[in-house]
Amino acid sequence: MHTVYSRINNVSAFLSSCLMALLAAIALSSLVFTADPKGILDVQSLNIYEGHTRRYHNRWQDVTFVNFNLTADLTPLFNWNTKQLFLYLQAEYVDAKGVKNEVVIWDRIIHKKDKANLSLNGRNKYVFRNLGKSFKGASAANYTLKYNVMPYVGLLTYGEAARTGPLAFPEKRTEVA
Ligand SMILES: *[C@@H]1O[C@H](CO)[C@@H](O)[C@H](O)[C@H]1NC(C)=O
Ligand SMILES: *[C@@H]1O[C@H](CO)[C@@H](O)[C@H](O)[C@H]1NC(C)=O
Ligand SMILES: *[C@@H]1O[C@H](CO)[C@@H](O)[C@H](O)[C@H]1NC(C)=O
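Just so we're clear, the structure is a prediction, and the values are computed from it rather than from any experiment.

Undergrad: Hey, could you go over the site of ligand 3 for me, with residue numbers and the actual values?
TA: Around ligand 3, the structure places Asp 73, Thr 75 and Asn 117. Asp 73 is positioned with one of its side-chain polar atoms (N or O) 3.2 Å from a nitrogen atom of ligand 3. Here an oxygen atom of ligand 3 and a side-chain polar atom of Asn 117 are 2.4 Å apart. Computed on the free molecule, ligand 3 has an accessible area of 360 Å², of which 26% lies beneath the protein chains in the complex.

This is the structure we're talking about:
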């Protein structure tokens with residue numbers, strides 16, 4: 001015997017499985033349309049100054065300043081399932097001790113497709129220093145523009161939109177930053 005209650009229950013179970021199927025379809029369909037846009041990243045200048053730090057008992061630590069420009073049309077990453085885009089610029093190098101470092105020096109969150117066609121001059125937003133005191137003996141660094149696409153439904157996806165060739169760290173400047 002079917003009561004009204006169990007009928008409502010069946011209908012809502014049916015609706016929620018429809019909803020699950022719909023969400024899965026959205027997540028899958030946006031995977032089918034993965035774009036892989038590429039831009040151009042140029043590092044205009046690299047300068048190293050001696051900065052003060054609380055680490056190492058208030059003595060000096062080298063700080064690197066990076067000026068870059070970037071053109072990248074990332075609008076293809078926006079589809080119906082894109083909530084936002086997290087962009088970041090990363091320096092990758094091997095320090096004098098042989099440890100590989102990946103340091104995020106700049107980032108930006110993009111919420112709208114019409115803000116995703118980038119052409120900009122920038123410099124590092126976060127302090128770029130080595131865990132040791134100086135960059136002496138470090139390998140040349142590659143600078144890469146990476147992104148995370150945050151969807152409404154489904155998993156984060158990652159990608160790389162631009163990279164420079166290896167660029168050597170310059171000699172330290174004598175002025176204090
Ligand atoms: C960066 O700027 C330089 C000169 O200002 C220009 O030659 C170069 O094409 C620019 N690169 C990008 C990726 O916009
Ligand atoms: C930088 O990129 C080059 C290839 O362009 C690669 O051979 C090198 O290992 C990279 N360096 C680092 C520190 O990742
Ligand atoms: C992005 O900007 C470039 C130059 O600023 C332009 O040529 C291109 O058509 C733009 N792309 C889109 C999708 O608006």
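Undergrad: I'd love a proper account of the packing of aromatic side chains, names of residues and values included.
TA: Under the defined criterion, the tally for this structure stands at nine aromatic pairs. For the ring pair Phe 68 and Trp 106, a centre distance of 5.5 Å and an interplane angle of 75 degrees mean the geometry is edge-to-face. Note that Phe 68 is positioned in strand β2 (residues 60–73) and Trp 106 in strand β4 (residues 100–110), a separation of 38 residues in sequence. The class for Trp 106 is buried, based on a relative accessible area of 7%. Ring centres 6.0 Å apart and planes at 55 degrees place the aromatic pair Phe 128 and Phe 169 in the tilted group. Residue Phe 128 is located in the loop between β5 (117–123) and β6 (142–151), and its partner Phe 169 is located in the loop between β7 (157–163) and β8 (172–176); the two are separated by 41 residues in the primary sequence.

Undergrad: So what's going on with the site of ligand 2? Residues and values would help.
TA: Neighbouring ligand 2 are the residues Glu 92, Tyr 93, Lys 100, Asn 142 and Arg 163. A distance of 3.3 Å separates an oxygen atom of ligand 2 from a polar atom in the side chain of Lys 100. Between an oxygen atom of ligand 2 and a side-chain N or O atom of Asn 142, the distance comes to 2.4 Å. Taken together, the residues of the shell around ligand 2 break down into one nonpolar, one polar and three charged.

Undergrad: Just give me the short version of the side chain of Gln 90, but keep the residues and values in it.
TA: For Gln 90, the position within the fold is in strand β3 (residues 82–94). Judged by relative accessible area, which is 7%, Gln 90 ranks as buried. A polar contact of 3.0 Å, which involves the side chain of Gln 90, links it to the side chain of Glu 92. Apart from the residues within four sequence positions on either side, Gln 90 is in contact with Glu 102, Val 103, Val 104, Asn 142, Tyr 143, Thr 144 and Lys 146.

Undergrad: Go over the pattern of salt bridges, please, and point to the residues and values.
TA: Taken as a whole, this structure holds eight salt bridges when the rule is applied. Ionic pairing is found between Lys 172 and Asp 62, a salt bridge with its closest N-O pair at 3.1 Å. Taken as a pair, Lys 172 in strand β8 and Asp 62 in strand β2 lie far apart in primary sequence, 110 residues in all. A salt bridge links Lys 146 to Glu 160, with the nearest nitrogen and oxygen atoms 3.7 Å apart. In this pair, Lys 146 sits in strand β6 while Glu 160 sits in strand β7, placing the two residues 14 residues apart along the sequence. Here Lys 146 falls in the buried class, since its relative accessible area comes to 16%.

Reading the values: rules and limits
- The residue numbers shown here count from 1 along each chain, following its written sequence.
- The naming scheme follows written order: chains are lettered A onward, ligands numbered 1 onward.
- Under the rules for a predicted model, residues below a pLDDT of 70 receive no local features and side-chain atom pairs below 80 are neither given nor counted, while totals for whole chains, interfaces and linings still include all residues.
- Excluding hydrogens and water, the side-chain values take into account all heavy atoms of the structure.
- Near, as used in this document, describes a residue that has one of its heavy atoms within 4 Å of the molecule or strand being considered.
- Under this definition, polar contacts are N or O atom pairs within 3.5 Å; protein pairs additionally need one hydrogen-donor-capable and one acceptor-capable atom, and for neighbouring residues in sequence, both atoms have to be side-chain atoms.
- Throughout, the Shrake-Rupley method with a 1.4 Å probe supplies accessible areas, and for residues the shown protein chains are the sole cover considered.
- Note on aromatic pairs: the rings of Phe, Tyr and Trp (six-membered ring only in Trp) are paired at centre separations within 6.5 Å, and the planes decide the class, stacked below 30 degrees, edge-to-face beyond 60, tilted for the rest.
- Segments assigned H or I by DSSP are reported as helices when at least four residues long, segments assigned E as strands when at least two residues long, and all are numbered from the N terminus.
- Relative accessibility under 20% of the residue-type maximum defines a buried residue, over 50% an exposed one, and the middle range a partly exposed one, all with a 1.4 Å probe and only protein chains included.
- Only Asp, Glu, Lys and Arg are considered charged, only Ala, Val, Leu, Ile, Met, Phe, Trp, Tyr, Cys and Pro nonpolar, and every remaining residue, Gly among them, polar.
- Only heavy atoms enter the contact rule, under which two residues are in contact if any of them lie within 4.5 Å.
- What makes a salt bridge here is a side-chain nitrogen of Lys or Arg within 4 Å of a carboxyl oxygen of Asp or Glu, nothing more.

By themselves, these are just geometric observations and shouldn't be taken as functional.
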